[in-house]
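Secondary and tertiary structure notes
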Amino acid sequence: MQKNLSILAKAVSIALALGASSGSFAADTYGINAKETDINDTTTKIIKDVDIGVNATKDAQKNPLTARLTNESLSISAKKYGVQAENKGSVYLKATTGDITINTSCKDSQSSSAYGINNKSGTTVEAEANNIYINSEANHVSLGISVKNSYSYTSTVNLKALDTISIISNSANSAKGIQADGKNKTSNLEAQNIILNTVGKGTNEDSDAIAVYNVNGATTNLKADTINITTEGKTAYGVQNGLTNSTNASTVKLGNENSVITINATGSKAAAGIVNLINGTTNVNGKSLAITSTATTESGDSIGILAQNNNTDNKISTININTTTTTINAHDALVAFSGSTLNVESDIYSKGANAITTRGKSMININTQGNDHIVKLNGDINFNVTKNEGGLVADSTVNIKLTNKDSYLNGNIIWTLSGSPEGVDMNVNNMNMTLENGGTWNTDADSFVNNLTLNGGIINANGGAEQTISVGTLKGNGNVNLAATTDGKSITAGKVVITDGTDATLNTTFTGITA
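Residues numbered from 1 in each chain as written. Predicted model: local features only at pLDDT ≥ 70, side-chain atom pairs only at ≥ 80, totals over all residues. Heavy atoms only, no water.

Moving on, we get to the overall build of the protein. Along the protein, the regular secondary structure elements total zero helices and 37 strands. Here the protein has a C-alpha radius of gyration of 26 Å; the compact-globule value for 515 residues is 24 Å, and the two agree. Based on the C-alpha atoms only, the size of the protein along its principal axes is roughly 95 × 45 × 35 Å. Counting all 515 residues of the protein, 55% fall into the buried class. For the protein, restricting intrachain contacts to residue pairs at least 6 apart in sequence, the fraction spanning at least 24 positions comes to 73%. Put simply, the protein shows about 20,100 Å² of open surface, and 45% of that area lies on carbon and sulfur atoms. Positive and negative charge centroids in the protein, built from 36 and 43 side chains respectively, lie 5 Å apart. (Helix = DSSP H or I, 4+ residues; strand = E, 2+ residues; numbered from the N terminus. Rg over C-alpha atoms; globule rule 2.2 N^0.38 Å. Buried < 20%, exposed > 50% of the residue type's maximum accessible area, 1.4 Å probe, protein only. Contact = heavy atoms within 4.5 Å. Areas by Shrake-Rupley, 256 points an atom, 1.4 Å probe, with all protein chains shown as cover. Lys, Arg positive; Asp, Glu negative; His and termini not counted. Charge placed at Lys NZ, Arg CZ, Asp CG, Glu CD.)

This is the structure in structure tokens:
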């Protein structure tokens, strides 16, 4: 039976606490604080033993100010915020020959929080160096980068490194690597290598670990030849784009044409590589994308890529995978719920119980643009309804093209229902599959296809006499191999039932019988 995926319909949308880091009311201490005039510092290399490393705000006349630090290398160690911009202030850091290191650690109380970079209400935070290292740890909330406010003006965090950008966020409760939250809020990272490592050790209902959290109209861009994302927690997502109630369009762009992207998510409640919700668009580009999602409990969900929309008109959740190769290891590899869209134009290999899980008038397209990708899907295609927990309509549009001898579906095409069937529409009308040039479907249980096109494709029905494959409309020419037995007098095998096979040819061979 399909695991319960309903918890992902309630994706994390919890505002991060910005409370004081301890019970003390003492004034914050600063390394550099542009609050009276602009600061252009070329002598400071090390800032430590302060609450806030570098801050830029506005002066008494409400003019936004700038703090600019330039040196061979820069090292900032602070308790609350390594770098902060507020009140339209801006901070610029540049290491001319070395690295920028930002460390924050706040463990005074269970409610303490720490941010590496906090563009609280500023305009711009920029950092440029050979390598940029951000390490943040806290008892309550840890954030590597945050650009978040409710103001309409543009707030941006830009990091650029010649070699590596590394963000490590570790919390006893919840941790995020990058947070971009709000319309006109943007985070841009560019380097040869980007490393995001997020660990949230909390056990509360709202405890999570999310490497990229992009919501409420924000934009996050990661450009690097190598992108490694690791996240571990109760709820662990590599990327979350959008919320279940978002009104503004959020965008995540992951990778460039040369990117090798790896996402590893481990969670006790839920683990997912990419989660894209209402009004979100996630675009993944590169040479390769590899996702491994691991649930550490029997009841936990393990998902590779999820698009979820809640059937919100004109605010479609869309994921576009345009890598050369894609590999997914998860219980549910590709998931689309409630009017969302998931496009995969890539060689793809999936391994899990379900290659595809969908419902609610969603759309999944795999290899539909005529590019002859190698598609290797291991697992069922499951039109799944969990009553009262995410939709009452099983039907979605699934378009799959297996166009070469190396492509296959090893799994059955089924529908599943959890709960009472009352008020549930389990009719599926848009399961469409093309098998061409040796493309193969291996199935061992009752299955269905609404529209099946064959052009030298192969169906291996391995379920024996009890198996029925139901085909709505069959077009073209192909072969079906039916597993059979014989008592020497008669042959017993499964069957293919075709509603409309006008002008189609299906050559049948019985397998498993020797003369």
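After presenting the structure, the write-up continues.
A word on the pattern of salt bridges. Tallied over the entire structure, the rule returns 10 salt bridges. A salt bridge links D208 to K176; its shortest N-O distance comes to 3.3 Å. Within this pair, whereas D208 is found in strand β15 (residues 208–215), its partner K176 is found in strand β12 (residues 174–181), the two being separated by 32 residues in sequence. Each member of the pair, D208 as well as K176, is classed as buried. The salt bridge involving K269 is made with E205; its shortest N-O contact spans 2.4 Å. Highlighted residues: K269 in strand β19 (residues 260–276) and E205 in the loop between β14 (193–200) and β15, separated in sequence by 64 residues. By relative accessible area, E205 is classed as exposed at 58%. Three or more residues joined by partner-sharing salt bridges are found here, namely E205, K234 and K269. (Salt bridge = Lys/Arg side-chain N within 4 Å of Asp/Glu carboxyl O.)

By the bridge criterion, six bridges tie strand β11 (residues 155–171) to strand β13 (residues 185–190) in an arrangement that is parallel. Among the inter-strand pairings, K160 is bridged to a residue of β13, identified as E190. Two strands pair when backbone bridges link them, and β13 and strand β16 (residues 219–223) are joined in this way by five bridges, in the parallel orientation. Along β16, the bridge assignment pairs E190 with K223. (Pairing = 2+ DSSP bridges.)

Turning next to the confidence of the model for the protein. A residue-level look at the protein finds 93% of positions with pLDDT of 70 or above and a mean pLDDT of 92. The low-confidence segment residues 1–24 (pLDDT under 50) makes 71 contacts with residues lying over four places distant or belonging to another chain. (pLDDT = per-residue confidence, 0-100.)

Attention now moves to the packing of aromatic side chains. The geometry of an aromatic ring pair is captured by two quantities: the separation of the ring centres and the angle between the planes. A complete count under the given rule lists three aromatic pairs for this structure. Pairing F383 with F448 gives two aromatic rings, centres 5.8 Å apart and planes at 45°, and the pair type is tilted. Linking F383 in strand β27 (residues 375–386) with F448 in strand β33 (residues 447–461), this pair joins segments that are 65 residues apart in sequence. F448 shares its class with F383; the two are buried. Residue placement shows K185 over the ring face of Y153; its charged tip is 6.0 Å from the ring centre. A cation sits over an aromatic face here: R359 above F337, 3.8 Å from the ring centre. (Phe/Tyr/Trp six-rings, centres within 6.5 Å; stacked < 30°, edge-to-face > 60°. Lys NZ or Arg CZ within 6 Å of the ring centre and 35° of its normal.)

So, on to the pairing of strand β31 (residues 431–436). The side chains of a regular strand alternate, residue by residue, between the two faces of the sheet. The buried count for β31 comes to five of six residues, which makes it a mostly enclosed element. Judged from the five bridges that link them, strand β28 (residues 397–402) and β31 form a sheet pairing that is parallel. Paired with L402 across the strands is L435, a residue of β31.

Despite not being glycine, K88 shows a phi value in the positive range, around 70°. In this structure, K88 sits in the loop between β5 (74–85) and β6 (90–95). Residue classification places K88 among the partly exposed residues on the basis of a relative accessible area of 40%. The backbone of K361 shows a phi angle near 60°, a positive value even though the residue is not glycine. You can call K361 exposed: its relative accessible area is 53%.

For S146, the position within the fold is in strand β10 (residues 141–148). Take S146: its relative accessible area is 2%, and that puts it in the buried class. Setting aside anything within four residues of it in sequence, one finds S146 in contact with Y115, I117, N118, N119, V157 and Q179.

Before going further, it helps to examine the environment of V375. With respect to the secondary-structure elements, V375 resides in strand β27. Classification of V375 by relative accessible area gives buried; the value is 0%. Each C-alpha atom of the pair V375 and S407 lies 4.7 Å from the other, and the pair is 32 residues apart in sequence. Not counting chain neighbours up to four residues away, the residues in contact with V375 comprise I348, I366, N367, K401, L402, D406, S407 and Y408.

This part is about the environment of G238. Along the chain, the position of G238 falls in strand β17 (residues 226–241). When the C-alpha positions of G238 and I305 are compared, they lie 9.9 Å apart, and in sequence the two are 67 residues distant. In contact with G238, not counting residues within four places along its chain, are A211, V212, I229, T231, I263, A272 and G273.

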